[in-house]
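Overview (structure and organization)
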Amino acid sequence: MKDELNKSFDSLVNKLLGWMNSIVENLPNLILAFLVLMLAYFLANHISKLTLKLLGNRVKQKSVSNIIARLTTVVIVMMGLFLALGILNLSQTLTSLITGAGVLGLVIGLALQGTLSNLISGIVISFREKIQIGNWVETNGFTGEIIDINLKNLTLKESDNNVVMIPNKLILDNPMKNYSLTSYIRVDLSCGVGYESDLEFVEKLTKETLEKTFEKIDDSKPVEFFFTEFGDSSINFRCRFWIEGTKSVHNLNATNKAIIAIKKAFDAEGINIPFPIRTLQFGNNLGLDKNTTDKES
């Protein structure tokens, strides 16, 4: 029994010594492999920044520059990893990793179809000229400025400063309104005047007021005015005019400015903007039941 324990102990010591000798012999390779990985990491960071700088002047879409820079980082780090494994004489391990990665990629691809769909959608969105970082858009029930487009989602910053992240797949599958593609916005404003008003004068005054308040875009975009209906207490009208702007807040500011200007103009000319009035009328002949009167007497 004692001899067997001695043999086992000697075998364990020999193995440990063999491992120590192997580590000492391969220590230069380990250090070199580590240096290669660190160099690949730093190169990836610097090349990524350089790529962003070079593409920033040539590519209009920031999202495309970001995608290319990220892919460049991944490629450089992977090259460094493979080179480090080669230095360590782990070529067979490298082959096994590549084979396993292929099989694992197939399994992951089947399991994560939604994630891959967002990934592919992100690449497609990044190369679309009409969707760029800084655009003010409305999509999937949210309105805001695009602040980031990555391989997973599109990030919006709403007017209330909240940040919304929408999966890329939903961006491609649903309509999007991009306010930044055109430099003009049409403002739609509704109001009403009293039945006693001179309608032709109301139309003339409204148009002149809006033309003085806002700069005219061009002759093909004049102020439009339409009486729309006989309301309960007013004759309602609708006017439309164009302004320079790319965001919904520009529309709100113009609407606010137009309401103030029209109200001042109407007040100066004595034009009434009525509000709904409900009149309750009671008859004077409130007769009493004759039989009820006789009983009381």
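Described in the following lines is the structure provided in the data block. (Residues numbered from 1 in each chain as written. Predicted model: local features only at pLDDT ≥ 70, side-chain atom pairs only at ≥ 80, totals over all residues. Heavy atoms only, no water.)

All right, on to the overall build of the protein chain then. When helices and strands are tallied, the protein chain shows eight helices and eight strands. The proportion of buried residues among the 297 residues of the protein chain is 27%. Sequence-distant contacts in the protein chain: of pairs separated by 6 or more residues, those separated by 24 or more amount to 65%. As displayed, the protein chain offers around 21,000 Å² of accessible surface, 59% of which is attributable to carbon and sulfur atoms. (Helix = DSSP H or I, 4+ residues; strand = E, 2+ residues; numbered from the N terminus. Buried < 20%, exposed > 50% of the residue type's maximum accessible area, 1.4 Å probe, protein only. Contact = heavy atoms within 4.5 Å. Areas by Shrake-Rupley, 256 points an atom, 1.4 Å probe, with all protein chains shown as cover.)

Before going further, it helps to spend a moment on the pattern of salt bridges. What the rule picks out here adds up to four salt bridges. Glu224 serves as the salt-bridge partner of Arg240, at 2.8 Å between the closest nitrogen and oxygen. Here Arg240 is found in strand S8 (residues 235-244), whereas its partner Glu224 is found in strand S7 (residues 224-230), with 16 residues between them in sequence. The class of Arg240 is buried, set by a relative accessible area of 18%. (Salt bridge = Lys/Arg side-chain N within 4 Å of Asp/Glu carboxyl O.)

As a further point, take the pairing of strand S3 (residues 153-158). In terms of burial, S3 is a largely internal element, five of the six residues being buried. The antiparallel hairpin formed by strand S2 (residues 142-149) and S3 contains three residues in its connecting segment. Two elements, S3 and strand S4 (residues 163-167), share five bridges in a ladder whose sense is antiparallel. Bridge pairing in S4 links Asn153 to Pro167. What sits between S3 and S4 in their antiparallel hairpin is a turn of four residues, with Asn161 showing a positive phi close to 75 degrees. (Pairing = 2+ DSSP bridges.)

On to the sheet that holds S8. Picture the strands of a sheet paired through backbone hydrogen bonds; they go either parallel or antiparallel. Within the open sheet, the three strands sit side by side as S6-S8-S7. Their pairing is antiparallel. In the strand order of this sheet, the two ends are held by strand S6 (184-193) and S7, each with one partner. For this sheet, the mean inter-axis angle between neighbouring strands, taken without regard to orientation, is 25 degrees. The pairing of S6 with S8 spans ten bridges and is antiparallel. Across the sheet, Cys191 pairs through a bridge with Phe237, a residue of S8. Against the sheet, helix H6 (residues 199-213) contacts S6, S7 and S8, and its axis sits at roughly 140 degrees relative to S7. Here helix H7 (residues 248-269) sits on the sheet in contact with S6 and S8, set at roughly 35 degrees to S6. (Axes fitted to C-alpha atoms, helices over the stretch in contact; angles between N-to-C directions.)

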